[in-house]
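# Working through the structure, step by step
The primary structure of each chain is shown beneath.
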There are 2 protein chains.
Amino acid sequence: MVYNLHEAIAILSRTPKVLQALLEELPDSWINYQKHDDAFSPSEVIGHLIAGEQTDWIPRMQIMLSEAGSKEFPPFNREGFDQHLGLEERLAQFTALRAQNLKILKELVTVDDLHKTGIHPEFGEVTLQQHLATWVVHDLTHLFQIIETLALRYKESVGPWVQYLRILNV
Amino acid sequence: MVYNLHEAIAILSRTPKVLQALLEELPDSWINYQKHDDAFSPSEVIGHLIAGEQTDWIPRMQIMLSEAGSKEFPPFNREGFDQHLGLEERLAQFTALRAQNLKILKELVTVDDLHKTGIHPEFGEVTLQQHLATWVVHDLTHLFQIIETLALRYKESVGPWVQYLRILNV
């Protein structure tokens, strides 16, 4: 399998810095843009990432590592997060939570644990390796969501180039 | 029109920092991954961005600003770039070129120039505003390309979560 704990942590540890580099002090017209009324703005995507740090990645990992108790995951609320924080507060909170959670990951998980399993409410049995790989790709898919949202704000502005800019057409 | 020079520069000036935050010192297994044999690796995408700084954004802008001479753009080679540089050299070169080019943009262009035009080899008449908006979205589409490439490396590793991770399915 391609998955490797060290390489995965290399991506996970970079996400807060990438989000800061992209979004910190960016004008509100970008930060609060939504591609449609029900879509997350870039700022709201950070709220969703915070919720994952609090309720998904580490709690489910601990269920899979545990020798006792139920292996069933509680469901993850993909819509729920604190609506009242501003972007800078969200970035700071996400950065702190991610650092804490990577410390826990490094302390608790070795390569010998990656085959351990839990019971996903929809998928049934899943492995810790699949869960930890999903953490990486979840970061990347939401980074894509932010970038796509920013790009779509200029979909009209680019005129005829729209046809060659793939991010405007996915 | 949504396009605004100040807001556009806010994105353009962040791209080098975003690429550094994401790619600097990342393991080579990520940096050199290609989603298929003909696709750019993350490192090669930076080569393509360098070529744009050298031969596209500013030269075409200058053609549109000029009062004299042909308004026709020379074609842009979307495949051509220096194949021999390593990632860190590419990031440094892109960062330096982008800083120079934004200095030129700020010195030469005001809001009153945005209606000026050039002749694109395929599209015919295009405006400076469309060209400058395309510069922004071109950054974002190639950032998306890098992020998608990284994510696809773990397409098998995420197991059943593949269906919920949009970046693996665009």
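First, a word on what this report is: a plain description of the structure on this page. (Residues numbered from 1 in each chain as written. Chains lettered and ligands numbered in written order. Predicted model: local features only at pLDDT ≥ 70, side-chain atom pairs only at ≥ 80, totals over all residues. Heavy atoms only, no water.)

### Things to note about the interface of chain B and chain A
Contact residues are listed per partner, giving 59 residues for chain B and 59 residues for chain A. Carbon and sulfur atoms make up 69% of the area that chain B and chain A hide from each other, which totals about 5,100 Å². Along the contact surface separating chain B from chain A lie four salt bridges. The partner of Glu7 of chain B in a salt bridge is Arg153 of chain A, with the nearest N and O atoms 2.9 Å apart. Scanning the region where chain B abuts chain A turns up 24 residue pairs in polar contact (both at pLDDT 80 or more). Across the side of chain B that touches chain A, the residue classes break down as 33 nonpolar, 13 polar and 13 charged. (Contact = heavy atoms within 4.5 Å. Buried area = accessible area lost by both parts, 1.4 Å probe. Salt bridge = Lys/Arg side-chain N within 4 Å of Asp/Glu carboxyl O. Polar contact = N/O pair within 3.5 Å; in protein donor to acceptor, adjacent residues only side chain to side chain. Nonpolar A, V, L, I, M, F, W, Y, C, P; charged D, E, K, R; others polar.)

### Let's talk about the pairing of strand β2 (residues 124–127) of chain B
All names here are of chain B. Alignment of strand β1 (residues 117–120) against β2, held across four bridges, turns out to be antiparallel. Among the inter-strand pairings, His120 is bridged to a residue of β2, identified as Gly124. Between β1 and β2, which pair antiparallel in sequence order, lie three residues. (Pairing = 2+ DSSP bridges. Helix = DSSP H or I, 4+ residues; strand = E, 2+ residues; numbered from the N terminus.)

### Thoughts on the pattern of salt bridges
Residue and element names in this part refer to chain A. A full pass over the atoms with the stated rule returns 18 salt bridges over all chains. Arg98 serves as the salt-bridge partner of Glu53, at 2.6 Å between the closest nitrogen and oxygen. Separated by 45 residues along the polypeptide, Glu53 in helix α4 (residues 42–55) and Arg98 in helix α6 (residues 87–108) bring together distant segments of the chain. For the pair Glu53 and Arg98, one class covers both residues: buried. One salt bridge in this structure joins Arg60 and Asp56, with 3.9 Å as the shortest N-O distance. (Buried < 20%, exposed > 50% of the residue type's maximum accessible area, 1.4 Å probe, protein only.)

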